[in-house]
Amino acid sequence: MRARTGREFGDLDKGIAEELGSMLGLAITNARLFSALADRDRQLRLAMRTAPVRVFGLDLGLRYTMIEGTGYHAPEHVLGKTDLDLLGPADAEPIIAIKRRVLATGTPTRDIVRLSTPTGPRYFDQVIEPARDPGGTIVGLVGASWDVTEQRQLHAKLADAE
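Residues numbered from 1 in each chain as written. Predicted model: local features only at pLDDT ≥ 70, side-chain atom pairs only at ≥ 80, totals over all residues. Heavy atoms only, no water.

S.K.: How do you make sense of the pattern of salt bridges when you look at a structure like this?
M.R.: Once the charged atoms of two side chains with opposite charge are near each other, the side chains can pair. In the structure shown here, the tally under the stated rule is 6 salt bridges. The residue Glu150 makes a salt bridge to Arg122 at a minimum N-O spacing of 3.9 Å. On the criterion of sequence distance, the pair formed by Glu150 in helix 5 (residues 149-161) and Arg122 in strand 4 (residues 120-132) is long-range, its members being 28 residues apart. (Salt bridge = Lys/Arg side-chain N within 4 Å of Asp/Glu carboxyl O. Helix = DSSP H or I, 4+ residues; strand = E, 2+ residues; numbered from the N terminus.)

Here is the structure:
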């Protein structure tokens, strides 16, 4: 086989060409996967902006590393902070105890937590589970929470009516 310049290709040239072709194929596949992942990420972020749920990730120091969804604080205000930084001791300590228990036991949990707000107490249904690395070691927590205050108020009114 000859190049357009007339140069004859040798076995080494053919091997290099095959390797480059293989690498190009992998690069194209990776670009397609990255594009699909970016599309999924955009879709998830859009859904989270409109859903009444907040998804979060925390490191082993219980600092927020990821937060998406509706909530009382903007994500840039939350990232890198702990519940104690954001909520104060009375509200934060019970939540921190739940998160520490999940870290210690590796067992997911679902709890109702109470937060004080200027308009009165709010209640959140919260699911938390350990985040693990590929080897199974706990590297933090992931969770979701959603406001259930109105449902609790409705249940209380129904109970009072009975």
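S.K.: Can you help me understand helix 5 in this one?
M.R.: Since the α-helix packs 3.6 residues into each turn, any two residues three or four apart lie on the same face. Here helix 5 spans 18 Å end to end across 13 residues, near enough to the 18 Å set by a 1.5 Å rise per residue. Of all 13 residues in helix 5, 1 are buried; the element is thus mostly exposed. (Expected span 1.5 Å × (residues − 1). Buried < 20%, exposed > 50% of the residue type's maximum accessible area, 1.4 Å probe, protein only.)

S.K.: Any chance you could explain unusual backbone geometry here in plain terms?
M.R.: Apart from glycine, the bulk of residues carry a negative phi angle, and the bulk of peptide bonds sit in the trans form. For Leu62, which is not a glycine, the phi torsion comes out positive at approximately 60 degrees. Looking at the element boundaries, Leu62 is found in the loop between strand 1 (54-58) and strand 2 (64-69). We classify Leu62 as buried; its relative accessible area is 8%.

S.K.: Which parts of the structure should I look at to understand the packing of aromatic side chains?
M.R.: Aromatic ring pairs are defined here through the distance separating the ring centres and the angle between the ring planes. A full pass over the atoms with the stated rule returns 1 aromatic pair. The ring of Tyr123 has Arg152 sitting right over it, with the charged end atom 4.1 Å from the ring centre. (Phe/Tyr/Trp six-rings, centres within 6.5 Å; stacked < 30°, edge-to-face > 60°. Lys NZ or Arg CZ within 6 Å of the ring centre and 35° of its normal.)

S.K.: Where do I start with the environment of Met66 in this structure?
M.R.: Its place among the elements puts Met66 in strand 2. It is 33 Å that separates the C-alpha atoms of Met66 and Gly25, two residues lying 41 residues apart in sequence. In contact with Met66, not counting residues within four places along its chain, are Val55, Phe56, Gly57 and Leu79. (Contact = heavy atoms within 4.5 Å.)

S.K.: Looking at this structure, how should I read the pairing of strand 4?
M.R.: Along a regular strand, successive side chains alternate from one face of the sheet to the other. Note: strand 3 (residues 109-117) against strand 4, 9 bridges, orientation antiparallel. Its bridge partner being in strand 4, Arg110 is matched across the sheet by Val127. The turn linking strand 3 back onto strand 4 is made up of 2 residues. Of the strand pairs in this sheet, strand 4 and strand 5 (residues 138-147) are connected by 9 bridges, and their pairing is antiparallel. Paired with Phe124 across the two strands is Asp147, which belongs to strand 5. (Pairing = 2+ DSSP bridges.)

S.K.: Mind showing me how you'd approach the side chain of Lys99 here?
M.R.: Relative to the helices and strands, Lys99 resides in helix 4 (residues 89-105). The buried category is assigned to Lys99, whose relative accessible area is 0%. Among the polar contacts listed, one links the side chain of Lys99 to the side chain of Tyr64, at a separation of 3.1 Å. The residues contacting Lys99, other than those within four sequence positions of it, are Phe56, Leu58, Leu62, Tyr64, Asp83, Ile128 and Leu141. (Polar contact = N/O pair within 3.5 Å; in protein donor to acceptor, adjacent residues only side chain to side chain.)

S.K.: Quick question: what am I supposed to make of the side chain of Gln126 here?
M.R.: Tracing the backbone shows Gln126 in strand 4. On the basis of relative accessible area, Gln126 is assigned to the buried category, the value being 6%. In this view, Gln126 contacts Phe56, Ile95, Thr109, Arg110, Asp111, Val113, Ala144 and Ser145; residues no more than four positions away in its chain are not counted.

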